[in-house]
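Coordinates in review
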Protein chains: 2
Amino acid sequence: MEARANGEGSTPLYLRVRDQLANQIEAGLLAANTRLPSERVLAESHGTTRVTTRLALAQLEAEGRIYRSNRRGWFVSPPRLVYNPTQDYSFSDNVTSQGRTPATETLEVTATEVAPWLANKTGLAVGDAIVRLRRRRQVDGRPVLVENIYLNPKRLPGIEQYDFNRSLWKLLREKYSVELQGKRIEMFPTALVDPQAEALGVNAGTAGLYVTRRSHDADGVFVEFDEEFWLHDTLSIQVEVQ
Amino acid sequence: MEARANGEGSTPLYLRVRDQLANQIEAGLLAANTRLPSERVLAESHGTTRVTTRLALAQLEAEGRIYRSNRRGWFVSPPRLVYNPTQDYSFSDNVTSQGRTPATETLEVTATEVAPWLANKTGLAVGDAIVRLRRRRQVDGRPVLVENIYLNPKRLPGIEQYDFNRSLWKLLREKYSVELQGKRIEMFPTALVDPQAEALGVNAGTAGLYVTRRSHDADGVFVEFDEEFWLHDTLSIQVEVQ
DNA sequence: AAGTGGTCTAGACCACCAC
DNA sequence: TGGTGGTCTAGACCACTTG
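- By the naming in an unreviewed UniProt entry, chain A goes by UTRA domain-containing protein and is assigned to Marinobacter xestospongiae.

Here's what the structure looks like:
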């Protein structure tokens, strides 16, 4: 029950455990997607308890160096995917060009009505018809984001009928001759909470990046509003202007 | 010592505590920058221990709803600052226009040499002369970011002599006739670690957003490379293209 | 000096996953 | 079925900040 004196200088124990693990990762002893030893084993080998070990692991997770998968354990994070949200965009092409393997799952397609918050974001009127598409996307078998896409059925009649497990941007261009323009992007870091956390198979509270994008066509007609929930350690945003 | 049965359904206790606090914040019972009751008081009033209470607080912190200040307590987060990193930029003007109060402190100005990682980012050669400027910026008295700015002394001779507690962009325009162009922006969420965490008065491991920006002038000459470390709950990025 | 958050112990039971 | 992470208890001492 007694808390021990701090031993080595003033650095907290959990940060010293963190440093040791970080060094092993940097030295390449633990390659990307390798599983770490179990929390109990780590605790014992560092002469401490699980609580302190978990503090160290949480640090590394916050830095984006490791991630957890269900209750299977802790794994070394692979490099971040480079992502430019201002470009017309094929997730699949982008992932492939970085030597990784993409996958997309359509979770849901619904015809619904514009809610007040969405009216704010899109300029549509509350109650207007809208098509909602929900997808999950993976890189090398790990889910990295879920997205809700709101499509304007006036500009995209019959959009519900298509296969959404491919590039939406290509679909819009080929079937509707839409060249997306005038993108307005908003993003901020936040924790992933429940519908998204569950879809990604992570605990509520896992760090994420929330990205939204509104696009219209060359005539200024609203085409789509996209809302993406990324795991925070999986991407690096890159934008070029002028 | 015994762990108790879960009582109310399957929602973990720390998430129920989180929900209660979140409701109080949303209902306006706890205004922005208000201090929460102490961890011990919260623990007792929810019939649990500090460890569990801290889990709940960490959740709210990850969501950007509360923040901590030194060892003074937990506070309700004010609204995020809207920030467009692609624009020529006066922090002061931007903060003021959002009804908040800005402050800037220059922490350090050094003439130094380009290191390998910086050569990569800027296109300069390793060993080239460079001026390094380090600043901390506050909103309503709370530090929200620290930044390292690397300035090209060839394009900006005598730059060290100026006062950096004002807008750098305005300085460049007025004194050097620089119109910044060709910005390349990169950003990703990550934890803030030591020099930055300390400068911001937060614990190592606090969630942050890392933003870099490289700019050149109208002739393509490299002007500055900027590296910003933001507290994750303090900003919302907004970009408009085309 | 009193109170705050920061760190830490040494256990426990549970839910879920892989074998 | 055994091992994993997820949750939780009931304490303790420490470092720092505040009156």
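Structure's up, so let's keep going.
Section: the packing of aromatic side chains
Residue and element names in this part refer to chain A.
- Tallied over the full model, the rule gives 18 aromatic pairs over all chains.
- Seen from their ring centres, Phe188 and Tyr210 are 5.3 Å apart, and the 50° between their planes marks the pair as tilted. Of this pair, Phe188 sits in strand S7 (residues 181-192) while Tyr210 sits in strand S8 (residues 206-216), and the two are 22 residues apart along the sequence.
- Joined through ring pairs, the aromatic side chains of Tyr83, Tyr89 and Trp230 make up one cluster.
- Its guanidinium or amino end placed over the ring of Tyr67, Arg142 lies 3.7 Å from that ring's centre, counting from NZ or CZ.

Concerning the interface of chain B and chain A
- Taken together, the contact between chain B and chain A spans 31 residues of the former and 31 residues of the latter.
- The contact between chain B and chain A buries some 2900 Å² in all, and 52% of this surface belongs to carbon and sulfur atoms.
- Put simply, chain B and chain A have two salt bridges between them.
- The partner of Arg184(B) in a salt bridge is Glu240(A), with the nearest N and O atoms 3.2 Å apart.
- Applying the counting criterion to the chain B and chain A interface returns 18 residue pairs in polar contact (both at pLDDT 80 or more).
- Two strands pair when backbone bridges link them, and strand S10 (residues 235-241) of chain A and strand S7 (residues 181-192) of chain B are joined in this way by five bridges, in the antiparallel orientation. When the bridges of S7(B) are listed, Ile237(A) appears paired with Met187(B).

Here's the deal with the protein's contact with DNA strand D
- Residues in close proximity to DNA strand D total 27 residues, the closest being Arg54(A), Leu13(B), Tyr14(B), Thr48(B) and Arg72(B).
- Across the atoms of DNA strand D situated within 4 Å of the protein, the share located in sugar and phosphate is 65%.
- The contact in question runs from a base nitrogen of DNA strand D to an N or O atom on the side chain of Arg50(A), over 2.9 Å.
- One nitrogen or oxygen atom from the side chain of Tyr14(B) is found 2.8 Å from a phosphate oxygen belonging to DNA strand D.

A closer look at the pattern of salt bridges
Residues and elements named next belong to chain A.
- Within the structure shown, the criterion is met by 40 salt bridges over all chains.
- Here Glu147 ties to Arg135 by a salt bridge, and the two come within 2.9 Å at their closest N and O atoms. Taken as a pair, Glu147 in strand S6 (residues 142-151) and Arg135 in strand S5 (residues 129-139) lie far apart in primary sequence, 12 residues in all. Here the two residues Glu147 and Arg135 agree in accessibility, since each one is buried.
- With a shortest N-O distance of 2.7 Å, Asp217 and Arg155 are connected by a salt bridge. Separated by 62 residues along the polypeptide, Asp217 in the loop between S8 and strand S9 (222-231) and Arg155 in the loop between S6 and helix H6 (168-176) bring together distant segments of the chain.
- In this structure, a network of salt bridges that share partners links the residues Arg18, Asp19, Glu26, Glu63 and Arg65.

Quick notes on the protein's contact with DNA strand C
- The environment of DNA strand C is made up of 26 residues, and the closest members are Leu13(A), Thr48(A), Arg40(B), Arg54(B) and Arg71(B).
- When atoms of DNA strand C within 4 Å of the protein are split into backbone and base, the sugar-phosphate part holds 61%.
- Between Arg40(B) and DNA strand C, the recorded distance is 2.8 Å, taken from a side-chain N or O atom to a base nitrogen.
- Contact between DNA strand C and Arg54(B): a phosphate oxygen at 2.7 Å from a side-chain N or O atom of the residue.
- Contributing elements (two or more residues each) for the surface near DNA strand C: helix H1 (13-26) and helix H3 (50-62) of chain A together with helix H2 (39-45), helix H3 (50-62) and strand S2 (73-76) of chain B.
- In terms of residue count, the dominant contributor to the surface near DNA strand C is H3(A) (three residues).
- Of the residues in the surface near DNA strand C, the class split is seven nonpolar, seven polar and 12 charged.

Reading the values: rules and limits
Residues numbered from 1 in each chain as written. Chains lettered and ligands numbered in written order. Predicted model: local features only at pLDDT ≥ 70, side-chain atom pairs only at ≥ 80, totals over all residues. Heavy atoms only, no water. Phe/Tyr/Trp six-rings, centres within 6.5 Å; stacked < 30°, edge-to-face > 60°. Helix = DSSP H or I, 4+ residues; strand = E, 2+ residues; numbered from the N terminus. Lys NZ or Arg CZ within 6 Å of the ring centre and 35° of its normal. Contact = heavy atoms within 4.5 Å. Buried area = accessible area lost by both parts, 1.4 Å probe. Salt bridge = Lys/Arg side-chain N within 4 Å of Asp/Glu carboxyl O. Polar contact = N/O pair within 3.5 Å; in protein donor to acceptor, adjacent residues only side chain to side chain. Pairing = 2+ DSSP bridges. Near = heavy atom within 4 Å. Buried < 20%, exposed > 50% of the residue type's maximum accessible area, 1.4 Å probe, protein only. Nonpolar A, V, L, I, M, F, W, Y, C, P; charged D, E, K, R; others polar.

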